[in-house]
2 protein chains.
Amino acid sequence: MHKDCDKTYFKKPEFYRLTGENNYVRIDAEDKVTGHGQYVGDIMFPDMLTGKMLRAPFAPARIVSIDISEAEKLPGVKCILTPFNCEWKHKVGNGEFAKEFADKEVLCTEIVRQVGDDVCAVAAIDEETAQMAIDLIKVEYEKLPGVYDPFEAMEEGAPEVNWEGKGLRNIGMQSHMCAGTDIDEEFGNAAYVQHRDYSAHRMVHAAMEPHGAVATYRNGEYTIWMSTQMAYVDQFWYARCLGVPENHVRVIKPLVGGGFGGKLDSYSFGLCAARMAQITGRPVRMILTREEVFQSTRNRHPIYMHIDTAFAADGEMLAKKCYHVLDGGPYGGSGVAACAQATLWANFPYKLRSVDFTARRVYTNNPSAGAMRGYTACQVHFAHDLNMQYAADQMGIDPVEFRKRSAAEPGYVAPAGLTITSCAYKETLDTAAKEIGWYEKKDNMAEGEGIGFAGTGFVSGTGFAVLEAPNQSSACVTVRLNKRGMATLYIGSHDIGQGSDTVMTAIVAEELGLPMDMVKTFMSDTYLTPWDSGSYGSRVTFLAGNAARRAAVDAKRQLFEVIAPMWGVMPETLECLEGKVISKEKAELQMPIGDAMFKYMTVKGGDELVGIGSYYHRTDNSQYNGENTTNYAPAYSFSTGAAHVHVDKETGVIDIDEFVFAHDCGRALNRRAVEGQLEGSIGMGLGYAIYEHNITKEGKILNPNFRDYRLPTALDMPKMRTFYDFAPDAEGPLGAKEAGEGSAAPVAPALANAVNMATGVYFTELPLDPEHIWRALNGMKDDRNSK
Amino acid sequence: MHKDCDKTYFKKPEFYRLTGENNYVRIDAEDKVTGHGQYVGDIMFPDMLTGKMLRAPFAPARIVSIDISEAEKLPGVKCILTPFNCEWKHKVGNGEFAKEFADKEVLCTEIVRQVGDDVCAVAAIDEETAQMAIDLIKVEYEKLPGVYDPFEAMEEGAPEVNWEGKGLRNIGMQSHMCAGTDIDEEFGNAAYVQHRDYSAHRMVHAAMEPHGAVATYRNGEYTIWMSTQMAYVDQFWYARCLGVPENHVRVIKPLVGGGFGGKLDSYSFGLCAARMAQITGRPVRMILTREEVFQSTRNRHPIYMHIDTAFAADGEMLAKKCYHVLDGGPYGGSGVAACAQATLWANFPYKLRSVDFTARRVYTNNPSAGAMRGYTACQVHFAHDLNMQYAADQMGIDPVEFRKRSAAEPGYVAPAGLTITSCAYKETLDTAAKEIGWYEKKDNMAEGEGIGFAGTGFVSGTGFAVLEAPNQSSACVTVRLNKRGMATLYIGSHDIGQGSDTVMTAIVAEELGLPMDMVKTFMSDTYLTPWDSGSYGSRVTFLAGNAARRAAVDAKRQLFEVIAPMWGVMPETLECLEGKVISKEKAELQMPIGDAMFKYMTVKGGDELVGIGSYYHRTDNSQYNGENTTNYAPAYSFSTGAAHVHVDKETGVIDIDEFVFAHDCGRALNRRAVEGQLEGSIGMGLGYAIYEHNITKEGKILNPNFRDYRLPTALDMPKMRTFYDFAPDAEGPLGAKEAGEGSAAPVAPALANAVNMATGVYFTELPLDPEHIWRALNGMKDDRNSK
């Protein structure tokens with residue numbers, strides 16, 4: 001044999017198939033590690049142009065004039081879009097949540113509202129030429145007074161940022177949630193009441209892959225390969241902005257190198273790429289620079305949080321009022337939902353008799369803020385769990401025990417209407433406390449040593465209304481079986497790095513009793529695959545996973561209806577297992593699925609078999625005190641983070657001995673994926689707590705790059721142990737709940753609580769970088785959190 | 001506005017939508033004319049290797065040794081496959097027809113049987129390096145005695161070409177068809193009997209795109225982009241040869257630049273590309289040179305045809321015996337079916353009381369022959385229609401009238417069992433005679449002037465057994481409707497340039513009452529799309545078209561079952577028309593299809609709608625004289641070609657005044673596509689009749705390139721007029737029958753009959769090039785038809 005002939009570079013590993021242990025290698029693993037997989041930046045066409053955006057250098061300002069005469073002369077420049085030579089039929093936004101908050105012009109026609117706002121676009125033969133053209137465009141601006149503090153923005157006489165008479169000055173969105181018993185009475189009768197302020201800072205998603213798009217215009221239709229979390233919603237908005245029907249816009253999500261909420265919104269650059277592809281007749285590629293990702297996409301909302309809390313003498317939390325002010329920047333989009341959710345999260349994970357929550361998302365001239373892993377859960381849980389810890393300490397109750405007294409339980413309905421079904425929050429608390437060694441260590445803490453906990457709850461499969469279609473599925477899936485028993489899965493869900501394509505494939509494989517490599521998965525293409533609302537709100541495993549499961553069940557049902565009569569049994573007595581159709585009652589009745597499909601097609605005259613499934617969570621199925629309320633999700637995940645730290649009081653440096661994570665995700669469908677999510681959550685939470693901070697000055701991010709914006713690296717990661725599964729959910733696909741988003745929230749508060757214990761200082765602001773800690777320990781004011 | 005902004009390079013033309021005139025621009029037209037479309041040669045990967053085959057320089061010969069040591073040392077050479085370092089699990093063939101005739105080794109382990117036979121394969125960093133490596137491989141051969149004449153091959157003592165005791169010496173396949181009345185009696189009682197010999201020569205398909213494949217091996221699976229007419233059959237064979245299950249082989253047909261039968265067979269080069277991709281871990285591209293296409297793929301069979309015919313006194317044809325000898329070359333594949341069909345076509349288009357047909361496909365060491373546009377219809381109809389013309393002339397009957405006396409009619413069942421349903425052969429004869437001006441001109445022919453006719457019949461949607469699945473559909477199609485009323489069509493059928501994707505899309509659009517751009521078509525991908533048996537035997541419009549129509553009807557049915565109760569009417573009273581669901585009875589009941597789908601999904605809890613359709617023709621549904629017979633197709637097309645020529649007797653040059661073509665295709669689903677097929681048939685038939693000829697010497701083609709092999713160009717095309725539609729078929733999709741393959745057959749015999757009239761010589765051999773004609777007119781022997 002030839003020396004190479006008995007070796008192949010990648011043999012399909014055995015565990016690629018079902019092992020019964022829910023442990024799969026990702027179906028895209030090899031493509032990713034070998035570099036064969038296609039991200040947007042890998043998509044190449046022979047005659048492709050490179051696009052660049054011209055962005056506002058400061059804001060706010062009025063555009064006085066735009067002169068493209070020099071840029072047009074530059075050889076290799078093929079197209080220049082200005083606000084005045086190109087018409088858009090609609091403002092752009094994020095339609096899933098708030099059609100009315102599509103409040104951003106594709107190119108600013110009059111006012112630039114934030115640094116990096118979109119002014120012009122260029123397509124040229126290469127990146128250098130495109131950049132030179134951008135530099136040659138002369139834009140004359142008239143500076144306008146800006147506002148960079150949300151509280152100042154709400155004051156009388158503040159400049160209007162993006163206000164069109166929608167309500168109070170610069171308050172783009174206000175969310176108010178008031179429910180339960182008489183809250184004044186609860187506060188009046190309380191044994192202990194506290195009033196505290198917290199604030200969380202500005203950060204970015206820092207996905208390794210920057211935002212990008214490649215657009216073509218052929219046959220009268222746009223095709224846009226987009227690094228996105230919402231291909232179908234992009235299709236919706238792009239069609240409206242471009243002024244064409246949706247069936248002329250095909251959005252394809254290739255591999256995506258991380259989203260974390262930053263790729264939820266529909267951005268101008270993709271639309272400009274599409275329009276320039278149409279004008280030039282050539283494909284246009286537009287990949288944002290890292291600086292653009294920081295400044296011009298979306299940040300995590302800075303939030304200022306005031307919390308009043310009332311407790312009974314035994315530590316039970318009775319009632320809570322809070323007032324959250326979100327710095328939204330000048331535009332809505334996914335940030336609108338963030339505002340609503342900034343009150344939602346305060347319901348979790350503790351029981352309350354009464355709530356009075358208000359959140360305001362305020363327009364400023366800072367960079368626009370939007371969704372980021374947990375929407376606002378990370379900010380809100382930081383404040384509200386530090387608040388719990390402070391109360392426990394003030395009341396002299398063990399913080400684990402204190403949390404358990406108010407901890408949510410199965411069957412609890414929160415005042416806001418959230419109906420808790422499966423819930424193992426207490427168990428996660430117990431696990432985390434035990435594993436971090438709390439009870440052994442709590443009374444023997446050394447100088448500078450601390451252990452902190454934080455608990456959170458999160459939605460699994462948020463059920464917001466879908467565009468104009470509140471009764472439409474959030475995910476639809478079809479599965480086709482051919483005469484060999486091979487399944488083709490058509491699914492719109494968006495794997496943005498979390499491994500959901502693998503989980504979807506595994507769900508179908510498990511349901512159909514097929515090995516993984518008998519299921520071929522096609523995903524996230526608005527022409528090819530059925531509707532899916534996108535990767536956000538921890539929807540994919542729950543909604544698309546349930547839809548996939550239902551499609552597989554529907555396929556089995558049809559197959560059994562043909563096979564059962566041949567065996568003289570009832571269809572309900574059949575099952576698919578290990579590649580066979582089997583009778584659950586008579587062991588001798590079994591047949592390979594391919595043979596069964598062959599018989600099916602014979603009976604059906606040649607038709608292959610298609611199973612269809614969809615899943616939609618109705619939000620109006622909840623009652624609280626006999627009144628209809630909104631239940632945001634079909635299930636809720638719960639988790640506890642526990643951090644054991646040592647703080648060097650001379651330097652302010654935090655040394656993390658260990659981080660223990662206990663997460664109630666119901667049932668892990670792919671154990672290594674869940675572990676990846678939990679460990680990734682620790683990494684991201686660590687960055688949020690200690691390392692990452694977007695410093696802005698008059699709306700300009702001063703550290704928009706990975707040199708000055710410090711992401712924790714692998715070397716910064718602490719020792720970690722993760723515990724998961726806990727309480728399988730009856731509604732979840734094969735018992736699963738979310739594992740990637742709620743898990744991000746407890747990390748920073750657990751670390752902060754540990755640091756607080758270690759230092760004796762009750763820090764209330766993020767990040768807890770050494771200088772911040774050192775200054776606090778030395779009684780110096782910390783003024784670095786930009787407002 | 002920007003100077004470019006109000007222009008787009010390609011506006012979707014209005015007639016791209018349904019016009020009611022069955023005239024569509026191809027859905028791939030823009031991609032093709034702009035060069036954006038992807039043929040196999042356009043598929044690029046960053047790290048792709050180029051593959052080359054080492055081929056036998058002469059044959060037959062025994063491989064004595066292969067030395068790759070020098071080639072291996074060449075920098076840039078990544079893989080060399082020899083017959084001895086690489087194992088194949090199966091011989092390769094064309095499985096649709098004859099699994100037992102997969103008689104070709106992927107790489108020849110002992111004997112090379114034809115010039116260009118596959119010996120080694122190389123993958124290198126570029127084409128030059130690959131070719132240098134091929135040149136550095138030293139293969140020592142021992143020449144063996146060969147046989148290049150099929151009659152000699154059948155003689156006692158002839159060398160065995162590829163004979164494994166299957167039957168008579170070198171007779172790879174024999175087809176015998178004997179049916180009807182007592183044939184000796186018919187001949188004995190006949191008023192006129194004639195015995196004639198004819199022969200047709202060797203040619204190639206000469207598709208503009210050479211054969212090619214790009215293969216990758218990732219995730220333990222092969223993906224092969226193949227210029228093929230049978231992606232699913234390739235999958236079947238590749239899996240067997242590579243020794244993996246079918247679900248590890250994905251074959252994708254990109255745009256194909258012509259097939260004509262030459263891309264039916266599964267070839268070694270694609271398998272070698274796949275194996276080398278596996279070994280190297282890099283994509284491998286293998287595009288054949290024009291010389292390889294000529295010498296190593298497939299040729300049209302040279303056929304030697306003896307015909308005995310018996311006629312009644314009024315010219316009615318009573319009985320026919322024939323003996324056809326096909327020069328098959330050394331391998332079977334699609335050529336096996338060609339042999340069977342060489343007797344089949346002799347049934348057409350004339351009625352017979354009695355037949356006794358024999359065809360033998362003989363192994364020789366000439367290039368392998370296979371299917372080519374009509375299988376063997378062009379050769380057989382050439383002989384059998386010249387035979388009719390000769391009889392008409394001998395009996396002194398007008399040749400049009402003579403043909404009409406025996407012409408097939410609706411309801412006729414041929415002795416072989418073929419059941420003619422719709423048939424307008426007589427009308428095509430009348431149309432052709434009238435339009436060519438036969439009756440005005442016939443008695444006023446100038447010196448060297450001639451008018452010739454030829455009539456043919458052909459299968460529409462051949463119904464051969466599909467692999468091991470005689471009861472499986474030959475085409476399965478699914479159509480999904482989304483909440484906007486946009487349809488996605490998943491169809492395996494193979495558009496190889498004939499425009500079938502457009503027709504499939506149009507059928508679904510017409511059935512669903514949608515404009516063309518509301519139907520998105522995905523095709524020809526063995527993972528993505530349902531089973532389709534391939535583009536051959538004029539199957540696509542009939543089989544896949546019917547399957548597509550049924551899928552659309554199934555989708556409508558499901559939609560109507562939801563909408564009808566809302567309107568209080570019966571589902572059967574609804575229809576889809578012009579983008580709406582309408583009531584056929586109450587004009588006020590109508591609703592856009594998107595709105596109807598929205599309601600459907602509401603009722604169905606979010607499920608989108610999938611319609612499924614399939615089509616399979618049962619060949620056992622025919623009776624002749626009370627006995628079960630094989631009916632090869634659900635319908636048959638008929639056509640008449642008429643040529644008006646002047647022959648320059650001094651030079652032998654033929655000047656074609658006009659060619660009139662009348663084709664009974666039932667109903668043209670896309671008029672411009674049918675016209676393209678008919679005009680293309682005239683071009684190809686013209687090449688067959690006059691220009692194209694593969695000259696071989698000891699099995700080596702001496703003119704394997706477009707300089708020496710003379711294809712007619714646009715400048716050589718005569719004035720043409722085409723007439724079509726005629727007899728809509730009840731079983732055909734929207735009435736359609738085939739229009740691309742049967743149409744190729746009458747061109748050469750019509751031209752030959754015209755030349756015979758013009759010259760007074762009864763030519764019986766092709767091609768009729770000027771030298772051939774000049775030699776005959778000057779009484780010189782013509783010995784150029786190689787045997």
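Quantities reported herein were computed from a predicted structural model and do not represent experimental measurements. Every chain is numbered independently, its residues counted from 1 as its sequence is written. Lettering for chains starts from A, numbering for ligands starts from 1, and both go in the order in which the items are written. Side-chain atom pairs in this predicted model are given and counted only at pLDDT of 80 or more, local residue features only at pLDDT of at least 70, and totals for whole chains, interfaces and linings cover all residues. With hydrogens and water excluded, all non-hydrogen atoms of the structure serve as input to the side-chain values.

(A) Local environment of the packing of aromatic side chains. Centre distance within 6.5 Å is the pairing criterion for rings of Phe, Tyr and Trp, where only the six-membered ring of Trp is used; planes under 30 degrees apart are then read as stacked, over 60 as edge-to-face, and the remainder as tilted. For the coordinates displayed, the defined rule picks out 45 aromatic pairs over all chains. Aromatic side chains B:Phe311 and B:Phe402 sit 5.4 Å apart centroid to centroid with 45° between the ring planes, which places their arrangement in the tilted category. Residue B:Phe311 is located in strand S14 (residues 303–311), and its partner B:Phe402 is located in helix H11 (residues 399–406); the two are separated by 91 residues in the primary sequence. The pair B:Phe311 / B:Phe402 is uniform in exposure class, with both members buried. In this analysis the charged atom, NZ for Lys or CZ for Arg, is taken to sit over a ring once it is within 6 Å of the ring centre and within 35 degrees of the ring normal. Over the aromatic face of A:Tyr688 sits the side chain of A:Arg300, whose NZ or CZ is 4.3 Å from the ring centroid. Seen from the ring of B:Phe187, B:Lys321 lies directly overhead, with NZ or CZ sitting 5.0 Å from the centre. The numbering of helices and of strands both runs from the N terminus, where a helix is a DSSP run of H or I of at least 4 residues and a strand a run of E of at least 2. Each residue's exposure class comes from its accessible area (1.4 Å probe, protein chains only) as a fraction of the maximum for that residue type: buried when under 20%, exposed when over 50%, partly exposed otherwise.

(B) Spatial organisation of the environment of A:Cys108. Residue and element names in this part refer to chain A. Structurally, Cys-108 can be placed in the loop between strand S3 (77–81) and strand S4 (111–112). A sequence separation of 88 residues divides Cys-108 from Arg-196, and the C-alpha atoms of the two residues are 41 Å apart. It only takes one pair of heavy atoms within 4.5 Å for two residues to be counted as in contact. In this view, Cys-108 contacts Ile-63, Pro-83, Asp-117, Asp-118 and Tyr-331; residues no more than four positions away in its chain are not counted.

(C) Representation of the confidence of the model for chain A within the structure. All names here are of chain A. For every residue, the predictor reports its confidence as pLDDT, a number between 0 and 100. Across chain A, pLDDT averages 92, with 93% of residues at or above 70. Counting interchain partners and residues more than four positions distant, the pLDDT-below-50 stretch residues 1–19 has 52 contacts. Overall fold confidence (pTM) sits at 0.94, and the ipTM for the predicted complex is 0.93.

(D) Examining the nonpolar core more closely. What we call a nonpolar core is a set of buried Ala, Val, Leu, Ile, Met, Phe, Trp, Tyr and Cys residues that are connected through their side-chain atoms within 4.5 Å. With 145 residues, the main nonpolar core has A:Leu81, A:Trp88, A:Val645 and A:Leu751 as its most contacted residues. Per-element accounting of this core gives the leading share, 10 residues, to helix H10 (residues 377–395) of chain A. Ignoring sequence-local partners within four residues, the contact set of A:Trp88 consists of A:Leu81, A:Val106, A:Leu107, A:Cys241, A:Leu242, A:Leu271, A:Cys272 and A:Arg275. Residues A:Ala509, B:Met486, B:Ala509 and B:Phe560 belong to the second largest nonpolar core, which totals 112 residues.

(E) Highlighting the pairing of strand S2 (residues 61–67) of chain A. Residue and element names in this part refer to chain A. Pairing between S2 and strand S6 (residues 138–143): 6 bridges, direction antiparallel. Across the sheet, the residue bridging to Ala-61 is Lys-143, located in S6. For S2 and S4, the ladder comprises 2 bridges, and the chain directions are antiparallel. Bridging from a neighbouring strand, Arg-62 pairs with Ile-111 of S4. Note: two strands are recorded as paired if DSSP finds a minimum of 2 bridges between them.

(F) Summary view of helix H16 (residues 593–603) of chain A. All names here are of chain A. Within H16, burial applies to Ile-593, Gly-594, Ala-596, Met-597, Tyr-600 and Met-601. The arc enclosing the buried residues of H16, seen along the axis, measures out at 155°, which places them on a common side. Following H16 by one or two positions, Gly-605 adopts a phi angle in the positive range, close to 70°. Summarising the geometry, the arc corresponds to the directions from the helix axis toward the C-beta atoms.

(G) Structural context of the sheet that holds strand S22 (residues 574–577) of chain B. Residues and elements named next belong to chain B. If you trace the 3 strands from one edge of the open sheet to the other, you get S22-S23-S24, paired in antiparallel fashion. The open sheet is flanked by S22 and strand S24 (590–592), the only strands paired with a single partner. Going across the sheet, the axis of each strand differs from the next one's by a mean of 25°, ignoring polarity. Where S22 and strand S23 (residues 580–583) come together, 4 bridges link them in antiparallel fashion. From the neighbouring strand, Leu-574 faces S23, where its bridge partner is Ser-583. Under this scheme, a helix contributes an axis fitted over its contacting stretch, all axes are lines through C-alpha atoms, and angles between N-to-C directions fall in the 0 to 180 degree range.

(H) Representation of the packing of helix H10 (residues 377–395) of chain B against helix H18 (residues 747–759) of chain B within the structure. All names here are of chain B. At a minimum axis separation of 9 Å, H10 and H18 run at an interaxial angle of 35°. Crossing of H10 over H18 shows right-handed handedness. Judged by residue contacts, His-381, Phe-382, Asp-385, Leu-386 and Gln-389 of H10 engage Ala-748, Pro-749, Ala-752, Asn-753 and Asn-756 from H18. In terms of residue class, the contact of H10 with H18 is built from 5 nonpolar, 4 polar and 1 charged. By the definition used in this description, the sense in which the near helix is turned from the far one sets the handedness, with an anticlockwise turn below a right angle giving left-handed and a clockwise turn giving right-handed. Any residue that is not Ala, Val, Leu, Ile, Met, Phe, Trp, Tyr, Cys, Pro, Asp, Glu, Lys or Arg is counted as polar, Gly included; the first ten are nonpolar and the last four charged.

(I) Structural detail: the environment of A:Lys78. If you trace the backbone, A:Lys78 turns up in strand S3. Once the C-alpha coordinates of A:Lys78 and A:Ile125 are considered, the two residues, 47 residues apart in sequence, prove to be 7.3 Å apart.

(J) Main features of unusual backbone geometry. Here the bond from A:Ala59 into A:Pro60 is cis, since omega is 0°, no more than 30 degrees from zero. Of the consecutive residues B:Phe348 and B:Pro349, the connecting peptide bond is found in the cis state with omega at -20°. Positionally, B:Pro349 belongs in the loop between helix H9 (334–344) and strand S16 (354–362). The phi angle at B:Glu578 is positive, at roughly 50°, despite the residue not being glycine. Here B:Glu578 shows up in the loop between S22 and S23. One non-glycine residue, B:Phe726, lies in the positive phi region at around 65°.

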